[in-house]
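If you want the building blocks of each chain, they are given just below.
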Amino acid sequence: MTRPLVIAIDGPAASGKSTLGYHLARYLNYLYLDTGALYRAVTLAALRRGIPIEDEARVTALAESLPIEVRPPQGEDDGRQYTVLLDGEDVTWALRTPRVDRAVSPVSAYPGVRAALTRRMREIARRGSVVMVGRDIGTVVLPDADLKLYVVASLDARARRRFLDRLAQGKQVSLEEVRTDLARRDRIDSSREAAPLRPAADAIILDNTNLTAEETFREAERLVREDC
Ligand code: CDP
Ligand code: CDP
């Protein structure tokens, strides 16, 4: 029996891509990479270093040189799926602040930033047995992926999920703020010229508006088995 060696999962914000990707990777014993973390790490570093987000040249230079490391969790008991190290510092949770949420889509629209990070992603995927999650994995980063899933859910469902996640993390946000951020990022991500958010022609669309995370996983597991 052969399994799909490279699995690409894309979709809009808070659709449940990383939850699905993480569990699928664990189930298959594959490497898991949430590529949004790389875009968020570049954004966080720019904000911390006082580089204006509008300064495309400096933000791009940062993406080309930044020491970002993503590794599996090592016993931290805080619900993380991975650990991100920026210059050796654990920034896993610092990547998920409203400040980064606001700036990440403009940063991700810069072609030079995308080129630099796409290179890193392909490097990681070279050994195969990987589940990679993002916006353009099936269309641009890994167009030859063996299985491509595009996860969608209604904006209301996604806003509710992200709101509950933030509450559980002790964050002070309103449902309306979360909803506005998701809608704004989806708009920028879908309309940018470089690698816009859209399903690959050969992607399977998984609408999980009315599914639990567990049911979504079961559906994907079935598709993985079918693909064998
Ligand atoms: O978790 P959430 O869906 O809210 O966002 P994320 O996956 O962490 O991605 C954050 C942002 O990074 C997205 O809104 C995109 O602007 C960008 N991104 C991208 O452009 N391409 C990717 N492959 C992954 C993320
Ligand atoms: O990675 P992405 O931004 O697409 O979403 P996520 O960070 O995986 O967040 C999805 C949240 O919705 C998590 O709290 C999941 O437990 C929950 N959820 C899901 O992933 N899938 C469903 N079908 C229903 C809820």
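Residues numbered from 1 in each chain as written. Chains lettered and ligands numbered in written order. Predicted model: local features only at pLDDT ≥ 70, side-chain atom pairs only at ≥ 80, totals over all residues. Heavy atoms only, no water.

A. Quick peek at the pattern of salt bridges. Using the criterion set out here, one finds 22 salt bridges in the structure. Between R114 and D136 there is a salt bridge, with its nearest N and O atoms 2.9 Å apart. On the criterion of sequence distance, the pair formed by R114 in helix α5 (residues 111-125) and D136 in the loop between β6 (130-134) and α6 (137-141) is long-range, its members being 22 residues apart. Of the two residues, R114 and D136, neither departs from the other in class, the shared state being buried. (Salt bridge = Lys/Arg side-chain N within 4 Å of Asp/Glu carboxyl O. Helix = DSSP H or I, 4+ residues; strand = E, 2+ residues; numbered from the N terminus. Buried < 20%, exposed > 50% of the residue type's maximum accessible area, 1.4 Å probe, protein only.)

B. Spotlight on empty space enclosed by the protein. Counted by the stated rule, this structure contains one cavity of 30 Å³ or more. Around the largest cavity, the lining residues are A8, D10, G138, K148, L149, Y150, R198, P199, A200 and A203. (1 Å grid on protein atoms, 1.4 Å probe; cavity = no way out; pocket = protein on both sides within 12 Å on 5 of 7 lines; lining within 4 Å. Points joined across faces, edges and corners; volume = space filled by probe spheres on them.)

C. Expanded view of the packing of aromatic side chains. Counted under the stated rule, the structure contains three aromatic pairs. Seen from their ring centres, Y32 and Y82 are 6.1 Å apart, and the 45° between their planes marks the pair as tilted. Of the two residues, Y32 sits in strand β2 (residues 31-34) while Y82 sits in the loop between β3 (68-71) and β4 (83-86), which places them 50 residues apart along the sequence. Of the residues examined, Y32 reaches a relative accessible area of 13% and is grouped as buried. Three or more aromatic residues link up through ring pairs in this structure, and these residues are Y22, Y32 and Y82. (Phe/Tyr/Trp six-rings, centres within 6.5 Å; stacked < 30°, edge-to-face > 60°.)

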